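# Examining the three-dimensional arrangement
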Amino acid sequence: MRRRLDWPGKKGEGTLAEYILQMKDIDKTFPGATVLNHAGLDVRQGEIMGLIGENGAGKSTLLKILTGLYTRTSGTILFKGREVTYASIEESADDGIAFMHQELNIFPNMTVTENIFLDRKDYVGKFGMIQKKRMEEDARKVLETLGVEIDVNRMGSELSIHEQQMVEIAKAMSMNAELIIMDEPTAALPENEVEIFFQFIRKLNRRGITIIYVSHKMVEIEAICDRVTILRNGTVVDVVNVGETTVEQMVNKMVGRQLDEYYVHTPTKNDGVLLRVSDFNGENFEQVSFELMKSEVLGIYGLAGSGTLELAETLFGYRKPTRGGVTLNGQAIKKTDIPNMVKNGIAYVPLNRKKDGFVRDMSVFENISMVGCGSYRKGIFVDWAKNRDICDKYMEALSIKAVSRDTHVNLLSGGNQQKVVLSKWLSIHPKVLILNEPTRGVDVGAKAEIYNLIDRLVKTEELGILLISSEAPEVLGMTDRVMIMHKGRICATLKTEGLQQERLLKLASGGKEEQSEERQEIT
Amino acid sequence: MKVKIKKAFSNYNLRRYMILTGILILMLIGFSLESKVYVTPANFTNIAAKFAEIGLIAASMSLVMLTGDIDLSVGSVMCFCAFLAGTLMQSYVPVPLAVLISLAVAAAIGFLNGFMIAVMKMQPVIVTLGTMTAFRGLCYVFKQGGPMRGLPDESFFRFGNGTLFGVIPYSFILVIVVFVILSAAMKKTRFGMDIRAIGNNASAAAFSGIKVRKYKIGLFTFNGFISGLAGIVILSRMQGIEAALGDGYEFEAITMCLLGGISINGGKGTMLGSFIGIIVIGYLKSGMNISHISAYYQSAILGAIILLSVIAGNLEPVRKKKEK
């Protein structure tokens, strides 16, 4: 059927034909930030190539450039030995590159057949009628060759996540995909289905399909990949053969050892418990108990899907807890909705800034005064003049770069938008500030300013900060203590001082704590 | 000076006011060539009385639309409450009590709309289409489809037909009062900012501690209440009520708001804009009547104006995209 090249046994430089994909010297700059700097990705025909890197290292940007979602600033891409530039994901799909996104694109109200052949034109018969029978037969054939037993007439909504993935892959196969990109494919998969999924990937691979596998989970990378490309800060640090390199070595290369001066936080004196969370349960997390001290930065480190988002949103009152409660300064908070949490002095800088953080078509002033404007009044009316002064104060203190306070927030850069969100909350002098990935999508300069601000706040404002992050250096550089979350549970709470990055990553990806050995040594 | 005008034109609301005022002036000149009556105070009194009810509805509709919702039930609720008040008065219930009961019922209908939309998370169009149809049906129940004429207490008619200084109808003063109060609430309190935030981005508004659900229920309740008030006014003005009356008022009120710059997506527009929208539509219709333009053409012209107002509202984003 398809031309299948022999698996290259020898390591090192291969001939051109061996490589199905070569990306060379790829540069990508967004206004104000360089995301990729001479990055590349060489994938051999028939291999499973792992792609790892921290958040913001440029993995997804690189893949989006490959599939035509982004345009590159410079560099060349060779696919099957031919130089290519795809203008859209459809173009790259036609050429044989399938992209399986983290969020599966299964339409719940369509059948399996329709999901597989959704956007195909070859099933349109006379008078523009869809040739349903032929389509169903072909769907059955594709699933059969994959060895998957799914009724082609089932609706998308009836499928399990595993089955949805199978349908996605069937879709890719029906388009004669030769290269499948899988972005965190196991993120939503239950643990016991991961191995089944892996067997399936191996089967695909034996059929000659080349796979690029993106994951945060080192265990999986080790189990499934032949080689791994390691990205850091938009550059390829190394390409290693799995089996010749340990996970620790890979993680070390991925994380690097730079940017120490970035993280300005120095430990503070903890004077008393500020926030006590006890036996807190909710959607996607359970049995969470911890204490946040006054003037402390407490980190919560967890990978995507570990439950940190749900925990934060429940603490802030956006979601309802199923059990457990929150005590602030010794007082139990009874009503857990956002207005009451805000009244009690709990502030939250959300993960999805564009959607939840600010109102893009309103001015900097309106966004900053959105929470606190009611506290300054003249009789029954709001004292807007006073509010404007306060807005100016925070714009200056956080050096928000905007033409004026009446500029719409959507015209600002990511960093300045985040500073607007921060100002909005700082203006009400919160007692607890929950920051969810506060530096995501923020340029390097603003990142440093936000770190500075965090440190300054806990030292001058007498508040406690919960810093939720999936960036290990950020957690290690900016917190006093860190809680590590895995699968909805806090699996460890550690002092940040002297904590090793490798240990953090290992714990967060479900690795066993080596402490037991240490303990044995002690006893 | 040039810079000032350019700056004013870059402001969405100011641009709206200027365009509408321009249209109004052109109409005043153009239609007065057709008939001198057009620009007289008497014609103003006529227009103001005729459009007072829709004007009232447009005021509260502006708020609902600012939060990104829509209420189609207003015309039916207005008619239903007029019938209810009239029936009560014919049964010799004292006028103030009859009015209060009708207004309470109207507010309750609005609350029902709001509850289904904000709490049960149903689509505003579907919910209010349902209440619109249901209460229109109930209007026909009162007199088996016939009109209601004559009330025992004739003093009630004074409000709908009286004027201040012989020029401004009392009902239109009510419209102005409602607009001034709402405008003040929008500008001087955090109310305006809150509802615009909800209309622009309900999620971010909720994450800022704004009580999105309460606002939505409150605004639909208020919209019901105002529709009831419009029903009282129309009952007083027409000294009776017909079951088909107010059919299409919802779209006329929405048209006024859209013309005045309220965005159908929510978050954009002002009370002043809606107010000018009422005046422009009022004078346009009056002008078309005076010029003996047939009712069929009137609809076509009005439709064209709605489309033009949408196009005018979209011009800005198109230009911005090009700049980028």
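Residues numbered from 1 in each chain as written. Chains lettered and ligands numbered in written order. Predicted model: local features only at pLDDT ≥ 70, side-chain atom pairs only at ≥ 80, totals over all residues. Heavy atoms only, no water.

This brings us to the overall build of chain B. Per the secondary structure count, chain B includes 15 helices and four strands. Over its C-alpha atoms chain B spans a radius of gyration of 20 Å, differing by no more than 12% from the 20 Å that the globule rule assigns to 324 residues. Among the 324 residues that make up chain B, the fraction classed as buried is 55%. Taking contacts inside chain B between residues at least 6 apart in sequence as the whole, the part at least 24 apart equals 78%. With an accessible surface of roughly 14,800 Å², chain B has 70% of that area assigned to carbon and sulfur atoms. (Helix = DSSP H or I, 4+ residues; strand = E, 2+ residues; numbered from the N terminus. Rg over C-alpha atoms; globule rule 2.2 N^0.38 Å. Buried < 20%, exposed > 50% of the residue type's maximum accessible area, 1.4 Å probe, protein only. Contact = heavy atoms within 4.5 Å. Areas by Shrake-Rupley, 256 points an atom, 1.4 Å probe, with all protein chains shown as cover.)

When its secondary structure is counted, chain A shows 18 helices and 22 strands. Burial status across chain A gives 54% buried among its 523 residues. Long-range pairs, those at least 24 residues apart, make up 66% of the contacts in chain A with a sequence separation of at least 6. Of the roughly 24,100 Å² that chain A leaves accessible, carbon and sulfur atoms contribute 50%.

Residue and element names in this part refer to chain B. A contiguous nonpolar surface patch, about 410 Å² in accessible area, is contributed by Phe111, Phe115, Val119, Met120 and Met122. Within the secondary structure, Phe115 sits in helix H6 (residues 95-119). Phe115 sits in the partly exposed class, given a relative accessible area of 33%. (Patch = residues over 30% accessible without salt bridge, like charges linked within 9 Å, V, L, I, M, F, W, Y side chains within 5 Å. Salt bridge = Lys/Arg side-chain N within 4 Å of Asp/Glu carboxyl O.)

Residues and elements named next belong to chain A. Segmenting chain A into domains produces domain 1 (3-8 + 18-104 + 177-189 + 201-255), domain 2 (260-345 + 429-523) and domain 3 (353-428). On the domain 2 side, the residues contacting the nine residues of domain 1 number twelve residues. Surface buried jointly by domain 1 and domain 2 totals about 900 Å² across both partners, of which 59% is contributed by carbon and sulfur atoms. Per-class residue counts for the side of domain 1 that touches domain 2 are three nonpolar, four polar and two charged. (Domains from an automatic or database assignment. Buried area = accessible area lost by both parts, 1.4 Å probe. Nonpolar A, V, L, I, M, F, W, Y, C, P; charged D, E, K, R; others polar.)

In this section: the environment of A:Leu66. Residue and element names in this part refer to chain A. By the secondary structure assignment, Leu66 is in helix H1 (residues 59-66). In this structure Leu66 comes out as buried when scored by relative accessible area, which is 0%. C-alpha separation for the pair Leu66 and Met23, spaced 43 residues apart in sequence, amounts to 8.1 Å. With sequence-adjacent residues up to four places away left out, Leu66 is seen in contact with Leu21, Met23, Ile77, Tyr86, Ser92, Ile97, Leu179, Ile181 and Ile212.

A:Leu433 and A:Ile465 are the most contacted members of the largest nonpolar core, which totals 169 residues. Top contributing element to this core by residue count: helix H5 (residues 74-90) of chain B, with twelve residues. (Core = buried A, V, L, I, M, F, W, Y, C linked by side-chain atoms within 4.5 Å.)

Residue and element names in this part refer to chain A. The six strands lie next to each other as E6-E7-E8-E3-E9-E10, forming an open sheet whose pairing is mixed. Taken across any chain shown, the strands that pair with only one partner, and hence form the sheet edges, are strand E6 (97-100) and strand E10 (235-241). Neighbouring strand axes in the sheet, compared pairwise and without regard to direction, differ in orientation by 20° on average. Inspection of the sheet shows strand E3 (residues 48-52) paired to strand E9 (residues 227-232) by four bridges, in the parallel sense. (Pairing = 2+ DSSP bridges. Axes fitted to C-alpha atoms, helices over the stretch in contact; angles between N-to-C directions.)

What follows concerns the interface of chain A and chain B. Contact with chain A, which involves 27 residues of that partner, is made by 17 residues of chain B. Surface buried jointly by chain A and chain B totals about 2,000 Å² across both partners, of which 64% is contributed by carbon and sulfur atoms. When residues of chain A are sorted by the area they lose upon contact with chain B, A:Met362, A:Met370 and A:Trp384 head the list and together hold 24% of the total. B:Arg196 serves as the salt-bridge partner of A:Glu366, at 2.2 Å between the closest nitrogen and oxygen. Across the chain A-chain B interface, the total number found is ten residue pairs in polar contact (both at pLDDT 80 or more). (Polar contact = N/O pair within 3.5 Å; in protein donor to acceptor, adjacent residues only side chain to side chain.)

Okay, the environment of A:Tyr86 next. Residues and elements named next belong to chain A. With respect to the element layout, Tyr86 can be found in the loop between strand E5 (82-83) and helix H2 (89-94). Exposure remark for Tyr86: the relative accessible area of 8% places this residue in the buried category. The spacing of Tyr86 and Val288 is 202 residues in sequence and 47 Å in space, taken between C-alpha atoms. In this structure, Tyr86 is in contact with Leu66, Thr67, Gly68, Phe79, Glu91, Ser92, Asp95 and Ile97, ignoring residues within four places of it in sequence. Within polar-contact distance, the side chain of Tyr86 engages the side chain of Asp95 at 2.6 Å.

Residue and element names in this part refer to chain A. Within strand E21 (residues 481-486), five of the six residues are buried, leaving the element largely enclosed by the surrounding structure. Pairing between strand E13 (residues 297-301) and E21: four bridges, direction parallel. Looking at E21, one finds that Gly299 is bridged to Val482. Taken together, E21 and the strand that follows it, strand E22 (residues 489-495), pair antiparallel across an intervening segment of two residues, in which Lys487 is found at a positive phi of about 55°.

According to the stated counting rule, one finds 21 aromatic pairs over all chains in the structure shown. Judged by centre distance (6.2 Å) and plane angle (75°), the rings of A:Phe198 and A:Tyr213 are edge-to-face. Residue A:Phe198 is located in helix H6 (residues 191-206), and its partner A:Tyr213 is located in strand E8 (residues 210-214); the two are separated by 15 residues in the primary sequence. We note that A:Phe198, like A:Tyr213, is buried. Both rings, one in B:Tyr38 and one in B:Tyr283, keep their centres 5.5 Å apart while their planes meet at 85°; by these two values the pair is edge-to-face. With B:Tyr38 in the loop between helix H2 (12-34) and helix H3 (41-50) and B:Tyr283 in helix H14 (residues 271-290), this residue pair connects regions lying 245 residues apart in the sequence. Here B:Tyr38 falls in the buried class, since its relative accessible area comes to 0%. Positioned above the aromatic ring of A:Phe365 is the side chain of A:Arg388, whose terminal nitrogen or guanidinium carbon lies 5.9 Å from the ring centre. (Phe/Tyr/Trp six-rings, centres within 6.5 Å; stacked < 30°, edge-to-face > 60°. Lys NZ or Arg CZ within 6 Å of the ring centre and 35° of its normal.)

Residue and element names in this part refer to chain B. The interhelical angle for the contact between H6 and helix H12 (residues 212-238), taken along N-to-C directions, is 145°, at an axis separation of 7 Å. H6 and H12 meet at a crossing whose hand is right-handed. Grouping the amino acids of the contact of H6 with H12 by side-chain chemistry returns 14 nonpolar, seven polar and two charged. (Left-handed = near helix turned anticlockwise from the far one by under 90°.)

As a further point, take the sheet that holds strand E16 (residues 346-349) of chain A. Residues and elements named next belong to chain A. Overall, mixed pairing links the six strands, which are arranged E16-E19-E20-E13-E21-E22 in an open sheet. The open sheet terminates on both sides in strands that have one partner only, identified here as E16 and E22. Averaged over all pairs of adjacent strands, the angle between strand axes in this sheet comes to 20°, irrespective of strand direction. Each of E13, E16, strand E19 (432-436), strand E20 (464-469) and E21 touches helix H9 (residues 308-315); the most contacted strand, E19, lies at about 150° to it. Lying over the sheet, helix H17 (residues 501-508) contacts E13, E21 and E22, oriented at roughly 35° with respect to E21.

On to the pattern of salt bridges. Pairing between side chains of opposite charge can happen when the charged atoms of each approach one another. Residue and element names in this part refer to chain B. One pass over the full model with this rule turns up 26 salt bridges over all chains. Across the pair Arg149 and Glu242 runs a salt bridge, and its minimum N-O distance is 3.3 Å. Highlighted residues: Arg149 in strand E1 (residues 148-149) and Glu242 in the loop between strand E4 (240-241) and helix H13 (249-259), separated in sequence by 93 residues. Judged by relative accessible area, Arg149 falls into the partly exposed class, the value being 49%. A residue is classified by how much of its surface remains accessible, and Glu242, at 40% relative accessible area, is partly exposed.

A few words on the pairing of strand E11 (residues 273-282) of chain A. Residue and element names in this part refer to chain A. The pairing of E11 with strand E12 (residues 285-293) spans six bridges and is classified as antiparallel. Each residue of the ladder has a partner; that of Leu275, found in E12, is Leu292. Both E11 and strand E14 (residues 323-328) contribute to a ladder of five bridges, which runs antiparallel. Bridging across to E14, Arg276 finds its partner in Thr327.

Once that is clear, we can look at the environment of A:Asn344. Residue and element names in this part refer to chain A. Checked against the element boundaries, Asn344 lands in the loop between helix H10 (338-343) and E16. Its relative accessible area of 25% is what places Asn344 among the partly exposed residues. Measuring from C-alpha to C-alpha, the distance between Asn344 and Lys431 comes to 8.0 Å, with 87 residues separating the pair along the chain. Not counting the four nearest positions on each side in its chain, Asn344 is found in contact with Leu328, Ile333 and Lys431.

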